[in-house]
Amino acid sequence: MMKIWGRSNSANVQKVLWIADELGLDYEREDVGGSFGRTKEPPYSDLNPNAVVPTLVEDDFVLWESNACTRYLANTYGKGTLAPTDGRAYADADRWMDWQQTTVLPFMTPIFWGYVRTAEDDRDMAAITAAVERGMQVFGVLEKRLEGRDFIMGDHLTMADIPVAIQAFRFKILVKDRPGLENFDAWVERCRQTTGFQNWIDKPLT
Ligand SMILES: N[C@@H](CCC(=O)N[C@@H](CS)C(=O)NCC(=O)O)C(=O)O
């Protein structure tokens, strides 16, 4: 039996839960991290020495890093659907996953933590405003990519969409004024209709 460790309000855990549900996989999940703690003690610390979530365990195979887990499940159970088979298409999908970690996450962290996990009086509004401005520029790149496409790779959901859409959903909820992001908005709504998204992500932000 596959096991996904991690609290389900973590964007990184949500990636793995979403793709597992899209693939119809059977798994169990255990809460660790955040208010559940237990990341720095066994058995979790033996699985993931970084003290962060998620961790995926399948038989004796242990994997951490959320995008690596997402790629592993796509390649193992979703070749030709969630993982493109052509080398160049695969690289194209893969780079959007890297883009989420390297380019989207840096501005989403102040927005999400500022609005969701910081009391109103303590918010650094200058930092949030600068992050929103950067977010509008960065998501403008995705806006162009989505011109004429339902999903990042074309007509169906792939591994490329999953990490980016979880952050894009948060941006859409938290930043009300998003001029010029019409393709982006429509794509978030399309992702929102998928099974895994509805099961794990389409919830109040906490
Ligand atoms: N690069 C790692 C980052 C993992 C990470 O930072 N996870 C956060 C939750 S999104 C975490 O574990 N925070 C501490 C906690 O929840 O206790 C990945 O993508 O898996």
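Each chain has its residues counted from 1, running along the sequence as written. Per-residue local features are limited, in this predicted model, to residues with pLDDT of at least 70; the limit for side-chain atom pairs, both in listing and counting, is 80 or more; totals at the level of whole chains, interfaces and linings are taken over all residues. Side-chain calculation: all heavy atoms of the structure are included, whereas hydrogens and water are not.

### Regarding the nonpolar core
Okay, so step 1: Counting 64 residues, the largest nonpolar core has F139, L142 and W187 as the members making the most contacts within it.
Okay, so step 2: For this core, the element with the highest residue contribution is helix 4 (residues 87-116), accounting for ten residues.
Okay, so step 3: Boundaries of every domain are those given by an automatic assignment or by a domain database. The residue makeup of this core includes at least three contributed by each of domain 1 (2-77) and domain 2 (87-200). Working definition of a nonpolar core: buried Ala, Val, Leu, Ile, Met, Phe, Trp, Tyr and Cys residues. They are joined through side-chain atoms within 4.5 Å. Here the term buried applies to any residue with accessible area under 20% of the maximum for its type, exposed to any over 50%, and partly exposed to those in between, with areas from a 1.4 Å probe on protein chains only. Only runs of H or I of at least four residues qualify as helices and only runs of E of at least two qualify as strands under DSSP, and these elements are numbered from the N terminus.

### Some points on the site of the ligand
Okay, so step 1: Throughout this document, a residue counts as near a molecule or strand when at least one of its heavy atoms sits within 4 Å of that molecule or strand. Lining the immediate surroundings of the ligand are R7, S10, N12, G33, G34, V52, V53, P54, E65, S66 and Q101.
Okay, so step 2: Under this definition, polar contacts are N or O atom pairs within 3.5 Å; protein pairs additionally need one hydrogen-donor-capable and one acceptor-capable atom, and for neighbouring residues in sequence, both atoms have to be side-chain atoms. Take R7: an N or O atom from its side chain is 2.9 Å from an oxygen atom of the ligand.
Okay, so step 3: In this structure, a nitrogen atom belonging to the ligand sits 2.8 Å away from a side-chain N or O atom of E65.
Okay, so step 4: Looking at the shell around the ligand residue by residue, the classes come out as three nonpolar, six polar and two charged. Residue classes follow a fixed rule: Ala, Val, Leu, Ile, Met, Phe, Trp, Tyr, Cys and Pro count as nonpolar, while Asp, Glu, Lys and Arg count as charged, and any other residue, Gly among them, counts as polar.

### Overview of the packing of helix 6 (residues 161-174) against helix 7 (residues 182-192)
Okay, so step 1: Orientation is described by axes fitted as lines to C-alpha atoms, over the contacting stretch for helices, and by angles from 0 to 180 degrees between their N-to-C directions. At their nearest, the axes of helix 6 and helix 7 sit 10 Å apart, and the two run at 115° to each other. Put simply, helix 6 runs roughly perpendicular to helix 7. As helix 6 packs across helix 7, the resulting crossing turns out to be left-handed. Every residue of helix 7 that contacts helix 6 at D161, V164, A165, A168, F169, F171 and K172 is listed here: F184, D185, W187, V188, E189, C191 and R192.
Okay, so step 2: Looking at the contact of helix 6 with helix 7 residue by residue, the class counts come to nine nonpolar, no polar and five charged. Just so you know how the angles are binned, under 35 degrees is roughly parallel, over 145 roughly antiparallel, 65 to 115 roughly perpendicular, and the rest oblique. Here a crossing is taken to be left-handed if its near helix is turned anticlockwise relative to the far helix by less than a right angle, and right-handed if that turn runs clockwise. Contacts are assigned to residue pairs that have any heavy atoms within 4.5 Å of one another.

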